[in-house]
Structures are given as structure tokens and as C-alpha cells.
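Letter by letter, the chains look like this.
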Amino acid sequence: MSDSEKTISIQSSSDENARQYKVNINTVSGNSSKENSSIELNIVKEEEKSFFNCKKIFVRTTHMVLVLFVTGNLFIQNTKLRDALIQRDYIYLFCFVSLTYSSLLFFFLTCFKNPGYVERQQAENRRNLQKEGLPSIKLRFCTYCQLEQPIRSRHCEECRKCVNKFDHHCPWLETCIGEKNHKYFWFFVGTTNLLICWCIEITWSSFVSYSKWSTWLLKNLLFLFDAQVLVISFFLTFSLFVIHTYFMITNTTTWEKFSRKNITYLKIFKNESYNPFHQSYIKNIYMFLFGPRDHTWENVYAAFFKKNLKESSNNSSENEIQFKFDQMKH
């Protein structure tokens, strides 16, 4: 082999090594960038998780302190509650303490109870909604949880999970209200509303009259604080109790009521008064309070749809539904 040929072969081999070296560098740099991005993403998730945990602790501690402060103040001040304590009226005291305990108990049950997070296996089992007599409804795919959401479920951005029979995310409890803790939330707002009414009655009867306005304000300052907190809380809890009692009776949720036009399995009905999950008022209440927590709502939905198509007496309803289906196909 000539010297020129040796030079060419050496140069070509060196070029190949250089290319291979560059490829290796690019591969390593690409892998390192992916690793860095995944590490950064994990750090962000951990920071978000710690922030939400701190937020939960703060909100729930604030609620407990506020309840104990208001009720404890009624024990310390010159009120009916203090008179009952001095006179040893144990029935009156037992009822008040039991109601306070029940309110806090249902509060923490709602907070710590699993609201009904969608599990991957459950989503796989309930993936296909297409059944005999049912339209082909495209369910949402959650890119965060990497699963197809079952009917009546929704992803919560605060909890970062999909929730079965999603109602809403409660900022005062810092948890989702879903299929498994909705009844505890209803009991919480109900018992809390009763406790507030009782505290308002005790506070109102405990105001002391004075001739001077400044003296009256000074002597009744704590009662005024209690009254403001109680009155505001009364309107909030009473409204929530009425609304969720209506949802319990009709088998609906806050999300389905106010986002109906954006929900695939509800917007197909032209008549917005249709509720495919309403069975009967008594059965709705029973299912809400005592029913299984992993209810397959696809079967209820299918039964409602078939009933509306097969009943000859509801031809107008059938036409309205079918018209909406035809619009979806086009």
C-alpha cells in the first residue's frame, strides 16, 4: 500500500471515529437533558405536594380553632351555656357538646375520606361505554393520570387525580367532594348549620345593655365577634345544605349542574331537564346515603336511554334525543 493510500485510510478511519464520538456525545447529552428535565419535574411535583400539604394543615387547623374558640367563648362568658354548666344541666350540655363533636367529626371524615379516586384497573373495566341501544360517546382521556375517565368522573387540578362522581373541590376542607365522601360533606354542613343556629341564639341572649355606647361595645366585644362569624357562616352553610340536599334528592352534582353543556354524556340531550341518573327520589336518597361507593353509572345511564327510546308514549322525547344524536354524528 502506498503512502497516499495509508494517509487516506487513516483519515477516513479518523473521520468515522469522530462521527461516532459526536453521535455518542449527542446521545449522552440527550439522555442527560431528559434526566435533568425529569429531575426538575419531580422537584416541582414535590414542591407542589409540600405546598398543598401545608395548605391543608393550615385550613383544617383554622377551622378547628375557630369552632373551638367560638364555642369555648360561650362557655367562659356569662351565657346560657355557662349557666347550664354551673347548674349542672347535663342534658343541655350533652346535646351542645355532642353537636359540636358531630360537626368536627364529619368535617374530618370528609377531609380524610378517599373521595373516590379513579383507579387504573377500574378505568380499564369501565372503558367501553358502547352498549346495545347506546350512542358512541367519546369519553375524556386524562393525560395527567393516563387513563380514560369513567362516566361522571373528572380530573381535579388541586388533588391532581381523577375523582368518581366529581362534585367540586372544597377550598375550606382542601379536598375533593366525590362519590365516597359526599354524604359526609352533607352531614358536615347540616350539623354545622344546626350548631351555628344554636350558637347564634345563645350569643343573642347574652348581650348586656349599658347606657354608654363605649361601655356596651367593650363589654360585648367578644359577642360581637362571635355574632359576625356565626351570621356569615350561617348563610354559607345553609345555602350549601339546601343545594346539596337538592343534589342528593335528584342524583346530580355541582359539576354536572353548572357545566352540563361541556359534558359529553349530558350535552347530547336537547332537553336540559333530562337527568339520566335520576331513578326515583327515594332511591336517589338511599343510594346517596347507603348505596355502594363504587357504583357503575354506565348501567344507570344505559337504562335511562333505552327507556326513553322504547316508550311509545314519549315519542317527542325520542325525537328530541335522536335529533341531538344525529347532530353529533354530523
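Structure: see above.
This structure is a prediction, so every number in the text was calculated from the model and none was measured.

Draft legend 1. Examining the overall build of the chain more closely. Helices and strands together make up the secondary structure of the chain, namely twelve helices and six strands. Here the chain holds 330 residues, and the buried ones make up 38% of them. In the chain, the proportion of contacts linking residues at least 24 apart, taken out of those at least 6 apart, comes to 64%. A total accessible area of about 20,300 Å² is found for the chain, and carbon and sulfur atoms account for 60% of it.

Draft legend 2. Local environment of the environment of Ile200. Among the structural elements, Ile200 can be located in helix 5 (residues 182-204). For Ile200 and Val231, which are 31 residues apart along the polypeptide, the C-alpha to C-alpha distance reads 7.5 Å. With sequence-adjacent residues up to four places away left out, Ile200 is seen in contact with Leu230, Val231 and Phe234.

Draft legend 3. Layout of the nonpolar core. Membership of the largest hydrophobic core comes to 18 residues, with the highest contact counts inside it found for Ile151, Phe166, Cys176, Tyr265, Phe269, Phe277 and Tyr301. Where this core is concerned, the elements lending two or more residues are helix 9 (264-267) and helix 11 (297-310). Looking at this core element by element, the count peaks at four residues for helix 11. Contact partners of Phe277, with chain neighbours within four places excluded, come to Ile151, Arg152, Asn251, Glu256, Tyr265, Leu266, Asn284, Trp297, Val300 and Tyr301. One finds Leu74, Ala84, Phe96 and Cys199 within the second-largest nonpolar core, a separate group that totals twelve residues.

Draft legend 4. Seen up close, helix 7 (residues 221-250). Spanning 30 residues, helix 7 covers 44 Å between terminal C-alpha atoms, matching the ideal 44 Å at 1.5 Å per step. Here helix 7 has its buried residues at Phe223, Asp226, Val229, Leu230, Thr237, His244, Thr245, Phe247, Met248 and Thr250. Positive phi appears at Asn251, one or two residues downstream of helix 7, with a value of about 60°.

Draft legend 5. Fine view of the environment of Tyr117. Mapped onto the elements, Tyr117 comes out in the loop between helix 3 (90-112) and helix 4 (120-125). In this structure the C-alpha to C-alpha distance between Tyr117 and Ser153, which are 36 residues apart in sequence, comes to 9.0 Å.

Draft legend 6. Molecular detail of the pattern of salt bridges. Under the counting rule described, the total for this entry stands at three salt bridges. Across the salt bridge formed by Glu174 and Lys55, the nearest N and O atoms sit 3.6 Å from each other. Separated by 119 residues along the polypeptide, Glu174 in the loop between strand 5 (168-170) and strand 6 (175-177) and Lys55 in helix 1 (residues 3-76) bring together distant segments of the chain. Judged by its relative accessible area of 3%, Glu174 falls in the buried class. One salt bridge in this structure joins Arg152 and Glu256, with 2.7 Å as the shortest N-O distance. Placement of the pair is Arg152 in the loop between strand 2 (147-148) and strand 3 (154-156) and Glu256 in helix 8 (residues 254-258), with a sequence separation of 104 residues. There is no split in this pair, since Arg152 and Glu256 are both buried.

Draft legend 7. Up close: the packing of aromatic side chains. Considering all chains together, one arrives at 21 aromatic pairs under this definition. Arranged with centres 5.8 Å apart and planes meeting at 80°, the rings of Phe69 and Phe225 form a pair that is edge-to-face. Linking Phe69 in helix 1 with Phe225 in helix 7, this pair joins segments that are 156 residues apart in sequence. When its relative accessible area of 38% is taken as the criterion, Phe69 is described as partly exposed. Phe225 sits in the partly exposed class, given a relative accessible area of 40%. Taking the ring centre of Phe277 as reference, the NZ or CZ of Arg152 above it sits at 4.0 Å. Here Arg152 stacks its cationic end above the ring of Trp297, 4.6 Å away from the centre of that ring.

Draft legend 8. Region of the structure containing the packing of helix 7 against helix 10 (residues 281-289). Look at helix 7 against helix 10: their axes get within 6 Å of each other, and the N-to-C directions meet at 110°. The angle between helix 7 and helix 10 places the two elements in the roughly perpendicular class. For the pair formed by helix 7 and helix 10, the contact residues are Met248, Ile249 and Thr250 on the first element and Tyr281, Asn284, Ile285, Phe288 and Leu289 on the second. For the contact of helix 7 with helix 10, the per-class residue count stands at six nonpolar, two polar and no charged.

Draft legend 9. Representation of a nonpolar patch on the surface. A surface patch of nonpolar side chains, amounting to about 260 Å² of accessible area, comprises Phe69, Leu222 and Phe225. Relative to the helices and strands, Leu222 resides in helix 7. Given a relative accessible area of 37%, Leu222 falls into the partly exposed group.

Draft legend 10. View of helix 10. Along helix 10, the positions that sit buried rather than exposed are Asn284, Met287, Phe288 and Leu289. Of the surrounding secondary structure, the elements contacted by the buried residues of helix 10 are helix 5 and helix 7.

Draft legend 11. Highlighting the environment of His182. Within the secondary structure layout, His182 lies in helix 5. With relative accessibility at 3%, the residue His182 sits in the buried group. Separated by 15 residues in sequence, His182 and Asp167 have C-alpha atoms that sit 8.0 Å apart. Residues contacting His182, with those up to four places away along its chain left out, are Asp167, Ile177, His244 and Phe288.

Rules used throughout
- Residues numbered from 1 in each chain as written.
- Predicted model: local features only at pLDDT ≥ 70, side-chain atom pairs only at ≥ 80, totals over all residues.
- Heavy atoms only, no water.
- Helix = DSSP H or I, 4+ residues; strand = E, 2+ residues; numbered from the N terminus.
- Buried < 20%, exposed > 50% of the residue type's maximum accessible area, 1.4 Å probe, protein only.
- Contact = heavy atoms within 4.5 Å.
- Areas by Shrake-Rupley, 256 points an atom, 1.4 Å probe, with all protein chains shown as cover.
- Core = buried A, V, L, I, M, F, W, Y, C linked by side-chain atoms within 4.5 Å.
- Expected span 1.5 Å × (residues − 1).
- Salt bridge = Lys/Arg side-chain N within 4 Å of Asp/Glu carboxyl O.
- Phe/Tyr/Trp six-rings, centres within 6.5 Å; stacked < 30°, edge-to-face > 60°.
- Lys NZ or Arg CZ within 6 Å of the ring centre and 35° of its normal.
- Axes fitted to C-alpha atoms, helices over the stretch in contact; angles between N-to-C directions.
- Parallel < 35°, antiparallel > 145°, perpendicular 65-115°, else oblique.
- Nonpolar A, V, L, I, M, F, W, Y, C, P; charged D, E, K, R; others polar.
- Patch = residues over 30% accessible without salt bridge, like charges linked within 9 Å, V, L, I, M, F, W, Y side chains within 5 Å.

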